[in-house]
Amino acid sequence: MVELRLPANSIVDRKAGKLFKAPAGAKRVRTFRIYRFDPASGQNPRVDSYEIDMADCGPMVLDALLKIKNEVDATLSLRRSCREGICGSCAMNINGRNTLACTQHCDDLGKGEVSIYPLPHMPVVKDLVTDLTNFYAQYAAVKPWLQTRTPATPDRERLQSRADQEQIDRPSACILCACCSTSCPSYWWNSDRYLGPAALLAAYRWIVDSRDEAQGERLDELQDPFRLYRCHTIMNCTEACPKDLNPARAIASIKRLMLERQH
C-alpha cells in the first residue's frame, strides 16, 4: 500500500477532530491534542491535534498554544494575560492536571502527546475558555475586604504585628485561577451551594486578619451544611494549587474556629 503524504499544515479529519501537520523539515515534533468546542456552532465538542516543532517554540505550554493560535489556527480560543504565573487567567487542564499554561514546562510532561482541556466541570464559553461567573460570585460572597467598626487613626495605617501578618501572608497570595475549586469533586457536584476551596481560602484570610472586626459575622455566614461543610478534605485543591497554597488547611482551620466558638 502506498502511504498518502499530504502537504505541510494540511487538515485531516480524524473522527470529529482535525490534524494540523508540522511543516516539512520540522526537527522536534510534538503533538498537542486540544479540546475544541463552540456552543454557538451547534456542533459537538471535538479534539484537534496540532504537530508543533518544539525547536521553533518556547518551552512552556502557553508558548505552544500561542504558536498554534498565531501561526497555525487563529480560531483557537484561550485566556492569558501575564507570563509570570500571577494573573491565573491561563489556568486549564493539562495532561489531566489543573495548572497554569504559562508555568507548565513541556519537558516536564514526558515525551508523548500533550492533552489540553478547559478547567473541568465548568461551562465552556469557547474551547479553553470557561465561564467563571459563579466562581467570582462565590468569591464576592465572602466579602473579601477589611470590615471594621473602629475608626482608623487619622495619621497612620491600621498596623499589625509581624506574627499576625504572617498568618495572612500565604492565603493572600491566591491568584483566583480556579485550579483548586475545579479539581474538587465536592465542588463539581455542589457548586451552586458549596463555596469551594478558593472562596473559603479568601474567607479564612479575612477571618484571621487581626485588623478585621467582623470575624463573628464571617463565621456566622459560613455556618451552613453546604457553604463550608461540604468539604471532605480530599486534598485535591492543595495538590492542584500552582502557588503551593493549602486551601484544605485553611478550610480545616475555619472548622476549628467554628468548634471553638461553640464552646
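In the block above lies the structure referred to throughout.
All values reported here derive from a predicted model rather than from experimental measurement.

(A) Molecular detail of the overall build of the protein. Looking only at helices and strands, the protein features eight helices and nine strands. The principal-axis extent of the C-alpha atoms belonging to the protein is close to 80 × 40 × 30 Å. Per-residue burial over the protein gives 44% buried out of 263 residues. Taking contacts inside the protein between residues at least 6 apart in sequence as the whole, the part at least 24 apart equals 62%. When the accessible area of the protein is evaluated, it comes to approximately 14300 Å², of which 49% is carbon and sulfur surface. Between the centroid of the 36 positive side chains of the protein and the centroid of its 32 negative side chains there is a distance of 3 Å.

(B) Looking closely at the pairing of strand β5 (residues 91-94). Side chains Ala91 and Asn93 of β5 all project onto a buried face; the interleaved residues Met92 and Ile94 project onto the opposite face, where all are buried too. As paired strands, β5 and strand β6 (residues 97-100) are joined by four bridges and run antiparallel to one another. Residue Met92 lies in a different strand from β6, and its bridge partner there is Thr99. In the sheet, β5 pairs with strand β7 (residues 114-117) via two bridges, with the strands oriented antiparallel. When the bridges of β7 are listed, Asn93 appears paired with Tyr117.

(C) Layout of the side chain of Thr238. Along the chain, the position of Thr238 falls in helix α7 (residues 236-240). Within the structure, the side chain of Thr238 is placed 3.5 Å from the backbone nitrogen of Ala248, a separation counted as a polar contact. Beyond its immediate chain neighbours, meaning those up to four positions away, Thr238 contacts Leu245, Asn246, Pro247 and Ala248.

(D) Up close: the pattern of salt bridges. Evaluation of the coordinates by the stated rule reveals 16 salt bridges. Among the ionic pairs, Arg205 bridges to Asp209, the shortest N-O distance being 2.7 Å. Arg211 serves as the salt-bridge partner of Asp209, at 2.8 Å between the closest nitrogen and oxygen. Taking relative accessible area as the criterion, Arg211 reaches 23% and is therefore assigned partly exposed. In the salt-bridge network here, residues are joined through shared partners; they are Arg36, Arg46, Asp48, Asp73, Lys126 and Asp127.

(E) Just helix α6 (residues 215-222), in detail. Every buried residue of α6 is accounted for by Arg218, Leu219 and Leu222. When α6 is viewed along its axis, its buried side chains cluster within an angular range of 95° and face the same direction. Close packing links the buried residues of α6 with α5 (196-207) and α8 (247-262).

(F) How the structure looks around the nonpolar core. Phe32, Ile34, Leu65, Ile116 and Leu222 are the most contacted members of the largest nonpolar core, which has 65 residues in total. Looking at this core element by element, the count peaks at eight residues for α5. Every residue in contact with Ile116, bar those within four places of it in the chain, is listed here: Phe32, Arg33, Ile34, Tyr35, Val61, Leu65, Met92, Asn93 and Leu128.

(G) Quick peek at the packing of aromatic side chains. Counting across every chain of the model gives six aromatic pairs. Taken together, a centroid distance of 6.4 Å and an interplanar angle of 70° make the contact between Tyr35 and Phe37 edge-to-face. In this structure Tyr35 comes out as buried when scored by relative accessible area, which is 15%. Taken together, a centroid distance of 6.5 Å and an interplanar angle of 65° make the contact between Tyr187 and Tyr194 edge-to-face.

The rules we used
- Residues numbered from 1 in each chain as written.
- Predicted model: local features only at pLDDT ≥ 70, side-chain atom pairs only at ≥ 80, totals over all residues.
- Heavy atoms only, no water.
- Helix = DSSP H or I, 4+ residues; strand = E, 2+ residues; numbered from the N terminus.
- Buried < 20%, exposed > 50% of the residue type's maximum accessible area, 1.4 Å probe, protein only.
- Contact = heavy atoms within 4.5 Å.
- Areas by Shrake-Rupley, 256 points an atom, 1.4 Å probe, with all protein chains shown as cover.
- Lys, Arg positive; Asp, Glu negative; His and termini not counted.
- Charge placed at Lys NZ, Arg CZ, Asp CG, Glu CD.
- Pairing = 2+ DSSP bridges.
- Polar contact = N/O pair within 3.5 Å; in protein donor to acceptor, adjacent residues only side chain to side chain.
- Salt bridge = Lys/Arg side-chain N within 4 Å of Asp/Glu carboxyl O.
- Arc of directions from axis to C-beta.
- Core = buried A, V, L, I, M, F, W, Y, C linked by side-chain atoms within 4.5 Å.
- Phe/Tyr/Trp six-rings, centres within 6.5 Å; stacked < 30°, edge-to-face > 60°.

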